[in-house]
Amino acid sequence: MFRLILLLLLHCVAATVTEPSLYSAEDNVKILNNDTLELQLYSSHSCKLVQFINYFCGDCRRFAGTFKQLAWKLYGWQRVLSIYVVDCAQERNVQICRDFDIRKTPTLRLYPPAFQRTEQKLGFELDSLVPDDIFVQLAEFVGKVKYTAFDQPNFEPLTAADTKKTLLNHCTTAGTKYIVLVYQPVGSTLGRDTILGLLTWPIVAVRILSDRRLFDNFGLNPTSDSLIIMDCLGKSLTLQPQNDSSTAYVTSVQQYLQSKAYTSVMPHSTTTPPNINSYLVDEEQAAILATVLQGAPKIYRADLEQAIDKLLHIELPKVRVFAGDSLLALRQLLNVMHRFSPLNRNGNILLARLYEFVNGIGGDELSGFAFQAQVQLLESMLPKVFKARRYVGCIASGPFLRGFTCSLWTLFHYLTVQTARSPVLPAGFVLGTIHGFVRHFFGCKDCVQHFLGMAERRRIFSVSSRDEEILWLWEAHNEVNQRLAGDSIEDPKFPKLQFPSHSVCDKCQMHTPQNTTWSRPEVLEFLKRLYDVKNLSNYGLPTAIGYEG
């Protein structure tokens, strides 16, 4: 009860924050956050479908158009189902995504009315992103709930105790003008699906009969009647659908109601996925975009800082518990980052102390909450660490493109090159660290599956030299670029090309009459120059005297 009161208070005082989102209210989707999700789950009389996303996740962006269409199709179910989205890539939502154990996105979960989360109860997870499969699972879920609000349907079959008098009690509900009786054979969902199909007709109360003999209770023919409509005076009419399907039953009822000059609650149109052509950029962003597009390839400290910032404040704190292999993966990641930190002096101190903390914990596990609290504590003891406000080399020409995923690739390439210049860590350590991060912490389901499959096929754990470590990641990145070239999530200003191009490294490619191949020694030298710490650019950082200001 205390938690509910606290949620109510937070809901009342929470400031309105406008954040970028793949969805809008016009999609029949409501955007929730850390302050509002559990309040909505508990207080609503309807079921809820919640999609947990990471806006940087390619699969989430690809799925957005499909989910919008599904939400539009489900608009007529508003009496029994509300549809929500929570973006786990927003720092303000770290706690709620951790509490609900959202490990990969997109994740779809269903909740009954008045749901309260416990350690064991986190919702019913849908196992498919195929619209027809989702629709079937939704229908099965909402059809098993006993609803309490006066305007909600009753999916429970009528019993022998029901009479015409008890049936007509539906007419005491404001707005109900007709009762529809549907015979549903054993093993069928005909009645349930007819109820769902007629939810946009609030003047109708649909009831299911699982035994034909019950028609006799209402003065009807128990041998031939299957679909009956009755008015509130008890006058009934047998309808004759074209066949025994819910679609035919719904059509038959609708035609009758329309003949009586009634109309349904019509769904509204859906919006379209974000259109990059209407993407507005400010003056500073436009300048950065022009500079990056016109110049030679560079590695920007701002991108490396953004990657580490998001890792420490969003991706890692979302983990419920670090234990076993995931705790080892965390320690390896912090080990590499603190040894070869591209951050300022305060950032180096932060990473070193955080590494010491994670390695010095008692016991064999660490909660995501404790990790998050330690990051906040250490930052409070230091001058400001993270000063980059936007991506530079990973800047995008449209919404939800590049950004975090680009900065991660940049950081990982940078770390392989720095490790190759130092004998401190064994060969392959950074690749093992990247593998552990992707497997345990990265929030994009599709990306994780592809990377782990590629890692196994390319034998990531067989790399035996530091130079091969650099080249392994380069080849893997080019494979990903090839797979994503022309994809709907590709930024048209930054197409997924094989890198480095001939224009930036003319010796990296060898041309023969038959084909073009890579000169691996030349590529290796090019990458070592590009990702050298001495060549990192401070361009785009918001301080007048450079990065250390």
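Predicted model only: the values in this text are computed from it and were never measured. (Residues numbered from 1 in each chain as written. Predicted model: local features only at pLDDT ≥ 70, side-chain atom pairs only at ≥ 80, totals over all residues. Heavy atoms only, no water.)

Mind showing me how you'd approach the overall build of the protein here?
Across its full length, the protein holds 18 helices and 13 strands. Overall size of the protein, expressed as C-alpha extent along the three principal axes, is 90 × 65 × 45 Å. Looking at the protein as a whole, 53% of its 549 residues qualify as buried. When the accessible surface of the protein is totalled, it reaches about 25,700 Å², and 53% of it is carbon and sulfur. One way to put it: in the protein the 55 positive side-chain charges average out to a point 2 Å from where the 52 negative ones average out. (Helix = DSSP H or I, 4+ residues; strand = E, 2+ residues; numbered from the N terminus. Buried < 20%, exposed > 50% of the residue type's maximum accessible area, 1.4 Å probe, protein only. Areas by Shrake-Rupley, 256 points an atom, 1.4 Å probe, with all protein chains shown as cover. Lys, Arg positive; Asp, Glu negative; His and termini not counted. Charge placed at Lys NZ, Arg CZ, Asp CG, Glu CD.)

Is there a simple way to think about the sheet that holds strand β5 (residues 124-125) in this case?
Strand order in the open sheet formed by five strands is β1-β3-β2-β4-β5, and the pairing between neighbours is mixed. The open sheet has two edge strands, β1 (30-32) and β5, and neither has a second partner. In this structure, strand β2 (residues 47-53) lies alongside strand β4 (residues 107-111), joined through five bridges in antiparallel fashion. What sits directly across from Q51, in β4, is L108. Contacting β2, β3 (81-87) and β4, helix α3 (residues 58-73) runs over the sheet at an angle of about 160 degrees to β2. Helix α5 (residues 131-142) rests against β2, β3, β4 and β5 of the sheet, and its axis sits at about 20 degrees to β4. (Pairing = 2+ DSSP bridges. Contact = heavy atoms within 4.5 Å. Axes fitted to C-alpha atoms, helices over the stretch in contact; angles between N-to-C directions.)

Mind showing me how you'd approach the sheet that holds strand β7 (residues 204-209) here?
Picture the strands of a sheet paired through backbone hydrogen bonds; they go either parallel or antiparallel. Spatially, β7-β6-β8-β9 is the arrangement adopted by the four strands of the open sheet, whose pairing is mixed. The open sheet is flanked by β7 and β9 (236-238), the only strands paired with a single partner. For this sheet the average axis-to-axis angle between neighbouring strands, irrespective of direction, equals 20 degrees. Both strand β6 (residues 178-183) and β7 contribute to a ladder of six bridges, which runs parallel. From the neighbouring strand, Y183 faces β7, where its bridge partner is L209.

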